[in-house]
Amino acid sequence: MKEQLIQQAIEAREQAYVPYSRFQVGAALLAGGVIYQGCNVENASYGLTNCAERTAIFKMVSEGGRKINAIAVAGDTDGPISPCGACRQVIAEFSDSDTRVYLTNLRGEMTELTVAQLLPGAFTPADLHK
Ligand SMILES: O=c1ccn([C@H]2C[C@H](O)[C@@H](CO)O2)c(=O)[nH]1
Ligand SMILES: [Zn+2]
């Protein structure tokens, strides 16, 4: 499943809409037996850019999914790609602390993290109900 998610993330990258940065990113996540792919989607109003990770997650949520079983992210970076802070927080919202995150590049370099490692001390839905 790890290899399949990584392959799907690399494939999703091809759909990236990146006329401004030219930096394609792909993500793929498993949720309830379904794989959701996402790419980054930029905008002429630069700050409106949606990262690949959040595209995949919002696709999952919009189709009824609420729990990420595992997620892979791929970009053409020197080392494994590093998700931005916003995506780390959104990944944490829909994951467990031990959910696996596979960060990779096009050279096959990969870092495997738990969500707790990806965003230590994340503010979570549980924090709202104390
Ligand atoms: O993990 C990442 C890092 C960057 N980007 C996108 C945002 C922007 O479109 C481009 C350059 O930052 O890459 C992602 O989609 N995911
Ligand atoms: Zn991001």
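Residues numbered from 1 in each chain as written. Chains lettered and ligands numbered in written order. Predicted model: local features only at pLDDT ≥ 70, side-chain atom pairs only at ≥ 80, totals over all residues. Heavy atoms only, no water.

- As annotated in an unreviewed UniProt entry, the protein chain carries the name Cytidine deaminase and comes from Paenibacillus lacisoli.
- Among the UniProt annotations of the protein chain, the heading Sequence similarities (unreviewed entry) holds the following wording: "Belongs to the cytidine and deoxycytidylate deaminase family." (UniProt positions renumbered as here; feature names shortened; annotations may be inferred.)

1. Describing the environment of Glu-63
And then number 1: The residue Glu-63 is located in the loop between helix H2 (52-62) and strand S3 (70-75) in this model.
And then number 2: Residues Glu-63 and Gln-4 lie 59 residues apart in sequence; the distance between their C-alpha atoms is 21 Å. (Helix = DSSP H or I, 4+ residues; strand = E, 2+ residues; numbered from the N terminus.)

2. A short note on the site of ligand 1
And then number 1: Around ligand 1 sit Ser-21, Phe-23, Val-25, Asn-40, Glu-42, Thr-49, Cys-51, Ala-52, Glu-53, Ile-81, Ser-82 and Pro-83, and those are all the residues in its vicinity.
And then number 2: One nitrogen or oxygen atom from the side chain of Asn-40 is found 3.0 Å from an oxygen atom belonging to ligand 1.
And then number 3: Between Glu-42 and ligand 1, the recorded distance is 2.5 Å, taken from a side-chain N or O atom to an oxygen atom.
And then number 4: For the shell around ligand 1, the per-class residue count stands at six nonpolar, four polar and two charged. (Near = heavy atom within 4 Å. Polar contact = N/O pair within 3.5 Å; in protein donor to acceptor, adjacent residues only side chain to side chain. Nonpolar A, V, L, I, M, F, W, Y, C, P; charged D, E, K, R; others polar.)

3. As for the coordination of the zinc ion (ligand 2)
Geometry sets the ideal angles at a metal, namely 109.5 degrees for four tetrahedral donors and 90 or 180 degrees for six octahedral donors.
And then number 1: Taken together, the protein ligands of the zinc ion (ligand 2) are Cys-51 (SG), Cys-84 (SG) and Cys-87 (SG), with distances of 2.3 Å.
And then number 2: If you list the donors of the zinc ion (ligand 2) from N- to C-terminus, the spacing comes out as C-x32-C-x2-C.
And then number 3: Given the relative accessible area of 0%, Cys-87 is considered buried. (Donors = N, O, S within 2.8 Å, 3.2 Å for Na, K, Ca; no water. Buried < 20%, exposed > 50% of the residue type's maximum accessible area, 1.4 Å probe, protein only.)

4. Things to note about the pattern of salt bridges
And then number 1: According to the stated counting rule, one finds six salt bridges in the structure shown.
And then number 2: Its salt-bridge partner being Lys-67, residue Asp-96 comes within 2.9 Å of it at the nearest N-O pair. On the criterion of sequence distance, the pair formed by Asp-96 in the loop between helix H3 (85-93) and strand S4 (100-105) and Lys-67 in the loop between H2 and S3 is long-range, its members being 29 residues apart.
And then number 3: Using a relative accessible area of 38% as the deciding quantity, one classes Asp-96 as partly exposed.
And then number 4: Look at Lys-67 and you get partly exposed, because its relative accessible area is 36%.
And then number 5: One connected set of salt bridges, linked through shared partners, spans Lys-2, Arg-100 and Glu-112. (Salt bridge = Lys/Arg side-chain N within 4 Å of Asp/Glu carboxyl O.)

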